[in-house]
Amino acid sequence: GAGVSQTPSNKVTEKGKYVELRCDPISGHTALYWYRQSLGQGPEFLIYFQGTGAADDSGLPNDRFFAVRPEGSVSTLKIQRTERGDSAVYLCASSSTRSSEQYFGPGTRLTVT
Amino acid sequence: KQEVTQIPAALSVPEGENLVLNCSFTDSAIYNLQWFRQDPGKGLTSLLLIQSSQREQTSGRLNASLDKSSGRSTLYIAASQPGDSATYLCAVRGVDSTGTASKLTFGTGTRLQVTL
């Protein structure tokens, strides 16, 4: 079946602009996670959704970052007033339940110029 | 706060050699541990997942061990091939106050190159 998909695959934006990154999880997966991976580093947790609600948003770096999952499937990560330090690969993962194995998408590479 | 360290940061070996990648973590209260492979510009591919109650998992030429009490895991790759060249990431799944699985904490990875 289809895996986790993310769009766009690449996004270049200017400093100060607003961006939205989209994640389509595996069908039927109730848990959805966002991670951020900077160059040469491992992914870092941002936020976790169980269904429509954000169960853990402790990894969001500041209030410029926000994520939604209004119908419990597709999720959008929103970044306001982008900064050059936001440049990274943003990874999405989903799992069938909270405790089961996470499956990762290919990521969105965000470059802020 | 859980911290995950991977040694070495980079490794180059000739084809056919057996090799070991190391991962250590600071908090032994884990739900499970997972090894991933990441190819340049790509997402993560899960290789092996070890539950906290298990000591090892095997898949083909890969064997992962877990010593939870000492906070260590190793990934053993037998008879390495050029196609094994990639970055290998270790990730630890924590446990929250209710005993439920929480977030993954990743190491910085080991970049492996297998030469002909």
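How each quantity is defined
Residues numbered from 1 in each chain as written. Chains lettered and ligands numbered in written order. Predicted model: local features only at pLDDT ≥ 70, side-chain atom pairs only at ≥ 80, totals over all residues. Heavy atoms only, no water. Helix = DSSP H or I, 4+ residues; strand = E, 2+ residues; numbered from the N terminus. Rg over C-alpha atoms; globule rule 2.2 N^0.38 Å. Buried < 20%, exposed > 50% of the residue type's maximum accessible area, 1.4 Å probe, protein only. Contact = heavy atoms within 4.5 Å. Areas by Shrake-Rupley, 256 points an atom, 1.4 Å probe, with all protein chains shown as cover. Lys, Arg positive; Asp, Glu negative; His and termini not counted. Charge placed at Lys NZ, Arg CZ, Asp CG, Glu CD. Phe/Tyr/Trp six-rings, centres within 6.5 Å; stacked < 30°, edge-to-face > 60°. Disulfide = S-S within 2.5 Å.

**Thoughts on the overall build of chain B**
Phase 1: Looking only at helices and strands, chain B has zero helices and 11 strands in total.
Phase 2: The helix and strand sequence of chain B, counted from the amino end, reads β-β-β-β-β-β-β-β-β-β-β.
Phase 3: For 116 residues, the compact-globule formula gives about 13 Å, and the C-alpha radius of gyration of chain B, at 14 Å, lands near that figure.
Phase 4: In terms of overall dimensions, chain B has a C-alpha envelope of 50 × 30 × 20 Å along the principal axes.
Phase 5: Counting every position in chain B, which comprises 116 residues, the buried fraction comes to 42%.
Phase 6: At a minimum sequence separation of 6, the contacts of chain B that also span at least 24 residues come to 55%.
Phase 7: Accessible surface for chain B amounts to roughly 5600 Å². Of this, 47% is attributable to carbon and sulfur atoms.
Phase 8: In chain B, the 10 positive side-chain charges and the 9 negative ones have mean positions that sit 5 Å from each other.

**Details of the packing of aromatic side chains**
Phase 1: The tally for this structure, following the rule as stated, stands at eight aromatic pairs over all chains.
Phase 2: Aromatic side chains Y35 of chain A and F106 of chain B sit 5.7 Å apart centroid to centroid with 85 degrees between the ring planes, which places their arrangement in the edge-to-face category. Of this pair, Y35 of chain A sits in strand β4 (residues 31–37) while F106 of chain B sits in strand β10 (residues 101–106), placing the two residues on different chains.
Phase 3: Judged by relative accessible area, F106 of chain B falls into the buried class, the value being 8%.
Phase 4: Considering the side-chain rings of F104 of chain A and F36 of chain B, the 5.4 Å spacing of their centres and the 85 degrees angle between planes classify their relative orientation as edge-to-face. In this pair, F104 of chain A sits in strand β10 (residues 103–104) while F36 of chain B sits in strand β4 (residues 30–38), so the two residues belong to two different chains. Neither residue differs from the other here; F104 of chain A and F36 of chain B are each classed as buried.
Phase 5: Among the aromatic residues, those joined into a ring-pair cluster are Y33, Y35, F45, Y48 and F104 of chain A together with F36 and F106 of chain B.

**Structural notes on the state of the cysteines**
Phase 1: Under the criterion given, the structure shown has two disulfides over all chains.
Phase 2: What pairs with C23 of chain A in a disulfide is C92 of chain A, and their sulfur atoms sit 1.8 Å apart. In this structure the cystine formed by C23 of chain A and C92 of chain A twists about its S-S bond by roughly -65 degrees; its chirality is therefore left-handed. Of the two residues, C23 of chain A sits in strand β3 (residues 19–24) while C92 of chain A sits in strand β9 (residues 88–95), which places them 69 residues apart along the sequence. Like C23 of chain A, the residue C92 of chain A is buried in the burial classification.
Phase 3: Residue C23 of chain B pairs covalently with C90 of chain B via a disulfide, S to S 2.0 Å. Residues C23 of chain B and C90 of chain B share a disulfide whose torsion about the S-S bond is about -60 degrees; that sign makes it left-handed. Highlighted residues: C23 of chain B in strand β3 (residues 19–25) and C90 of chain B in strand β9 (residues 86–95), separated in sequence by 67 residues.

Worth remembering: the numbers are spatial, not functional.
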